[in-house]
Amino acid sequence: MTGDDPLEESESGDPTTGEPLTDGGAAGADDVALDPWGSSSVSDYRKLFEEFGIEEFDEVLEEVPNPHYLMRRGVIFGHRDYRPVARALRNDDPAAVLSGFMPTGDPHIGHKLVFDEIIWHQEQGADAYGLIADLEANSARGMSWAEIDEHARNYLLSLLALGFDPEEGELYRQSTNREVQDLAFDLGAEANFSEFQAIYGFDGETDVSHMQSVVTQMADILYPQLEEPKPTVIPVGPDQDPHVRLARDLAERMRFFKVSEAYASFELEDDERALVAEFYERLDPVEFDDDDLRCVHVAEALEETPLSELDASADTLSSVLTKLNEAGMEPVRPRTRFFDRRATDDAFDALIDAIEGEKRVYESHVDAFEIDRAEAEELAREIEVDNGGYGFQPPSSIYHRFMTGLTGGKMSSSIPASHISLLDDPEDGYDKVKAATTGGRETAEEQREKGGKADECPVYELYAYLLAGDDDEFAKRVYDECVGGDRLCGDCKEQAAQLMKDFLAEHQEKREDVEDLLENADIELESPRRR
Ligand code: TRP
Ligand code: SF4
């Protein structure tokens, strides 16, 4: 999230472990809309996996060195391509973490999830970046610069109070980061309006500044790689996934070379390549009275095979046959291809020189016969970086669940009772928790008999997401006691309210302690802009 209107219902936990389910618990019938500027709601997390291709975090959990409790408890439920980041953290290789905050209101307990995620990655050795999305707040939310400055300060104080180290990491605001603006301009050359229309629903009425804030966010996401390419994770709510996908695409489009596998001089689509690969393995040139297996031979063999025996559509078959027949007597030989996407002439020449072993040079690609795909990827990046390119790695992301509002339904910045601001008076925080809806039963007797519904309880969520801290035993105990009927809501809320009050008091004290740290940090706290 990190949006203005963070988040929405979280749902069922796993009744056996007491941990929030990663598959989304109760299935909802609603559609899932991922809108960075709307009020995103996720009624069914499973759809994010099925429809959007977000992967389940549980599947990479084992690869993460001493995982954060938000990871262990399934609050961080999904990711895109997190493995390279986990690997870099394990091996103490370079890695980065970056997230951004629109300064539209007070930081609250939903933002705390993201602060914690940034800080945890920093503690694991990643270069950490926290940015204030002031351009976006101004263009997409109409915030004045004075309001932005005030809110920005509050976000930054909380981030520092929770443990972000500004000497090791970097803080910036979009409007004053010249490198980000320059990169945004370059990235903008790789995207066009139709694409923004398709991704974000922009239309003829959309402000140009709003579009500029999108390319700025793309630049934010790639900024940690300006000096050198490295695995980078963007911790956000799933509403930001459209941005992540576009940033991954743009990172790819900026690359000098595209590495692929080929079997002859022509290009193959993935499904076509699979067919050719299969026949290349299976066929022997002797069957065709030849020393080499040639394109026409494969075409012939494909034509003799009934479509039902091929793992391909009729369209795939016909297009691959056309290509094979056009290539005629050209031998079929597996090779690694470097396609020149936007390399300079010097870079292209340098690549040709650097390829070892047999190679064949064409107008806009080079085929290498003695290096494999992984080596080729590495070489392509090296040549690109040495010749003035960025060599971006596609950025990774992790997604956390939206928190349920204390009043039930959505947690929303516009409903004060539904959320707890990190600036709330500790007594007010106490009162809000005491007034929260619960997953409790009508009567104490019923609760003792059937147990409470911790999975539907915003108070339980407070324990799991925040109040239990790193103490898994504690979180589990609350859960077990609740569902086992040994815990009654009155006492449970009293305990949570007290913990919340203590947390807020302590956090606010730390905010005061880090005032100086913020003054000395390398970030402009006051915008010179007007209005
Ligand atoms: N768009 C984000 C939001 O709605 C803020 C943001 C700007 C951001 N740049 C970013 C988030 C880069 C993650 C990474 O709050
Ligand atoms: Fe929620 Fe606690 Fe009541 Fe269980 S006992 S339903 S966790 S408030």
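As the structure is a computational prediction, the values presented were derived from the model and not from experiment. (Residues numbered from 1 in each chain as written. Chains lettered and ligands numbered in written order. Predicted model: local features only at pLDDT ≥ 70, side-chain atom pairs only at ≥ 80, totals over all residues. Heavy atoms only, no water.)

**Side note on unusual backbone geometry**
- Even without a glycine there, the phi angle at D92 is positive, about 55 degrees.
- Secondary-structure assignment places D92 in the loop between α4 (83-91) and β5 (96-101).
- Backbone geometry places D289, a non-glycine residue, at a positive phi of 55 degrees.
- Positionally, D289 belongs in the loop between α12 (270-282) and α13 (295-304).
- On the basis of relative accessibility, which here comes to 76%, the residue D289 falls in the exposed class. (Helix = DSSP H or I, 4+ residues; strand = E, 2+ residues; numbered from the N terminus. Buried < 20%, exposed > 50% of the residue type's maximum accessible area, 1.4 Å probe, protein only.)

**What about the sheet that holds strand β4 (residues 76-80)?**
- Taken in spatial order, the seven strands line up as β3-β4-β13-β8-β5-β6-β7 in an open sheet, and their pairing is mixed. The outermost strands of the open sheet, each flanked by one partner alone, are β3 (55-56) and β7 (170-173).
- Of the pairings in the sheet, the one linking β3 to β4 comprises two bridges and is antiparallel in character. When the bridges of β4 are listed, E56 appears paired with G78.
- Helix α7 (residues 145-161) rests against β5, β6 (127-132) and β7 of the sheet, and its axis sits at about 170 degrees to β7. (Pairing = 2+ DSSP bridges. Contact = heavy atoms within 4.5 Å. Axes fitted to C-alpha atoms, helices over the stretch in contact; angles between N-to-C directions.)

**Observations concerning the site of ligand 2**
- Taken together, T438, G439, G440, Q447, C457, V459, Y460, C482, R487, C489 and C492 make up the full set of residues near ligand 2.
- Broken down by class, the residue content of the shell around ligand 2 amounts to six nonpolar, four polar and one charged. (Near = heavy atom within 4 Å. Nonpolar A, V, L, I, M, F, W, Y, C, P; charged D, E, K, R; others polar.)

**Here we look at the domain arrangement of the protein**
- According to the domain assignment, the protein consists of domain 1 (46-253 + 393-400), domain 2 (258-386) and domain 3 (416-520).
- For domain 1 versus domain 3, the separation of C-alpha centres amounts to 28 Å.
- Residue-level contacts link 22 residues of domain 1 with 25 residues of domain 3.
- Together, the buried faces of domain 1 and domain 3 total about 2,100 Å²; carbon and sulfur atoms form 63% of this surface.
- Considering only the surface of domain 1 that becomes buried against domain 3, R73, I109 and L157 emerge as the three largest contributors, covering 28% of it.
- Between domain 1 and domain 3 we count five salt bridges in total. (Domains from an automatic or database assignment. Buried area = accessible area lost by both parts, 1.4 Å probe. Salt bridge = Lys/Arg side-chain N within 4 Å of Asp/Glu carboxyl O.)

**A word on the packing of aromatic side chains**
- Scanning the model with the defined rule gives 18 aromatic pairs in all.
- Ring centres of F196 and F202 lie 5.9 Å apart, and the angle between their planes is 80 degrees; this geometry places the pair in the edge-to-face category. We note that F196, like F202, is buried.
- Here the guanidinium or amino end of R282 rests over the ring plane of F279, the centre of that ring lying 4.4 Å away. (Phe/Tyr/Trp six-rings, centres within 6.5 Å; stacked < 30°, edge-to-face > 60°. Lys NZ or Arg CZ within 6 Å of the ring centre and 35° of its normal.)

**With respect to the pattern of salt bridges**
- Tallying each qualifying case throughout the model produces 41 salt bridges.
- A salt bridge links E261 to R373; the nearest nitrogen and oxygen atoms lie 3.8 Å apart. Here the residue E261 occupies a position in strand β9 (residues 257-262), and R373 occupies one in helix α16 (residues 373-386), the gap between them amounting to 112 residues.
- Taking the relative accessible area as the measure of exposure, E261 reaches 34% and is therefore partly exposed.
- Accessibility expressed as a relative area gives 36% for R373, which makes it partly exposed.
- Beyond isolated ion pairs, a larger network of salt bridges with shared partners links R72, R73, D470 and D472.

**Some remarks on the packing of helix α9 (residues 193-200) against helix α10 (residues 208-222)**
- Taken N-terminus to C-terminus, the directions of α9 and α10 make an angle of 85 degrees; their axes are 12 Å apart at the nearest point. Here α9 is positioned roughly perpendicular relative to α10, judged by the angle of their axes. Here α9 contributes F193, F196 and Y200 to the contact with α10, which in turn contributes M211, V214, V215 and M218.
- Looking at the contact of α9 with α10 residue by residue, the classes come out as seven nonpolar, no polar and no charged. (Parallel < 35°, antiparallel > 145°, perpendicular 65-115°, else oblique.)

**What about the side chain of D340?**
- One can find D340 in strand β10 (residues 335-340).
- Filtering out sequence-adjacent residues up to four positions away, D340 remains in contact with F256, F257, F348, S364 and H365.

**Overview of the sheet that holds strand β11 (residues 359-361)**
- The antiparallel open sheet is built from four strands, whose spatial order is β9-β10-β12-β11. Since the sheet does not close on itself, it has two edges, and those belong to β9 and β11, each with one partner. Each strand of the sheet is rotated relative to its neighbour by a mean of 20 degrees, with strand direction disregarded.
- With six bridges joining them, β9 and β10 adopt antiparallel strand pairing. Within the sheet, the bridge partner assigned to A262 lies in β10 and is R335.
- Contacting β9, β10, β11 and β12 (365-368), helix α15 (residues 345-354) crosses the sheet at an angle of about 10 degrees to β12.

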